[in-house]
Structures are given as structure tokens and as C-alpha cells.
Amino acid sequence: MSLEFVCSNGCGVCKIRLADFEVYRSETLDGDLIERRTAPHIVSACCGFAVDVWDERVQDVTGSVSVEPVPRVSVEIREAP
Ligand SMILES: [Zn+2]
């Protein structure tokens, strides 16, 4: 495998992990959370930054990873008191 993941924060080669990013949030007028939806994104395991793809054959960055590998949306609903 000649492709490696590189942290965009300047750490060099890194591992990747999934992080949940908030894509939707609904609150009451008092600021209580009603609904929150998140979607997983691939980020660097070291800093949680975006990840670039480094190709050893061409010694250059050939792409970046910003995909949601699993089209999943988690929804939390909390009753207002
Ligand atoms: Zn990093």
C-alpha cells in the first residue's frame, strides 16, 4: 500500500478515527436541547484535524479525506421538563 494518511495539522503520517460532528441542533427558548443530529467524519487520530492522502509513489498529496463512510444520523430527543 503506497497511500498513507497525513494530518493536516502538520504531524505527518497519522492514523485516522471517526468523529461525530453536529449537523443539526434544536433547542427550546430556555436553551434546553430538544434534538441533536450528528454525522461521522474521518479525522486524524492525533488532533482531530482533516486528513490528507499522501501517495508515496508520486511523493505528493493526492487527495483529502472528507467522506462520511457510513451515512448514519443519530438522533437524540430529550423531553422538555
Ligand atoms: Zn495531528
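The structure displayed is predicted, hence computed values, not measured ones. (Residues numbered from 1 in each chain as written. Predicted model: local features only at pLDDT ≥ 70, side-chain atom pairs only at ≥ 80, totals over all residues. Heavy atoms only, no water.)

Caption draft 1: Molecular detail of the pairing of strand β1 (residues 3-7). In this sheet, strand β5 (residues 51-55) lies alongside β1 in antiparallel orientation, the contact comprising five bridges. From the neighbouring strand, E4 faces β5, where its bridge partner is W54. Where β1 meets strand β2 (residues 12-13), two bridges bridge the pair, whose relative direction is antiparallel. Within β2, the position partnered with C7 by the bridge is G12. (Pairing = 2+ DSSP bridges. Helix = DSSP H or I, 4+ residues; strand = E, 2+ residues; numbered from the N terminus.)

Caption draft 2: Fine view of the coordination of the zinc ion. The coordination sphere of the zinc ion, as far as protein atoms go, consists of C7 (SG), C11 (SG), C46 (SG) and C47 (SG), spread over 2.2 to 2.4 Å. Coordination at the zinc ion is tetrahedral: its four donor atoms span angles of 102 to 117 degrees at the metal. If you list the donors of the zinc ion from N- to C-terminus, the spacing comes out as C-x3-C-x34-C-C. Note that C11 is positioned in the loop between β1 and β2 and C46 in the loop between β4 (33-44) and β5, a separation of 35 residues in sequence. (Donors = N, O, S within 2.8 Å, 3.2 Å for Na, K, Ca; no water. Tetrahedral: all angles 85-135°; square planar, octahedral: opposite > 155°, others 65-115°.)

These results come straight from atomic positions and should not be treated as a statement about function.
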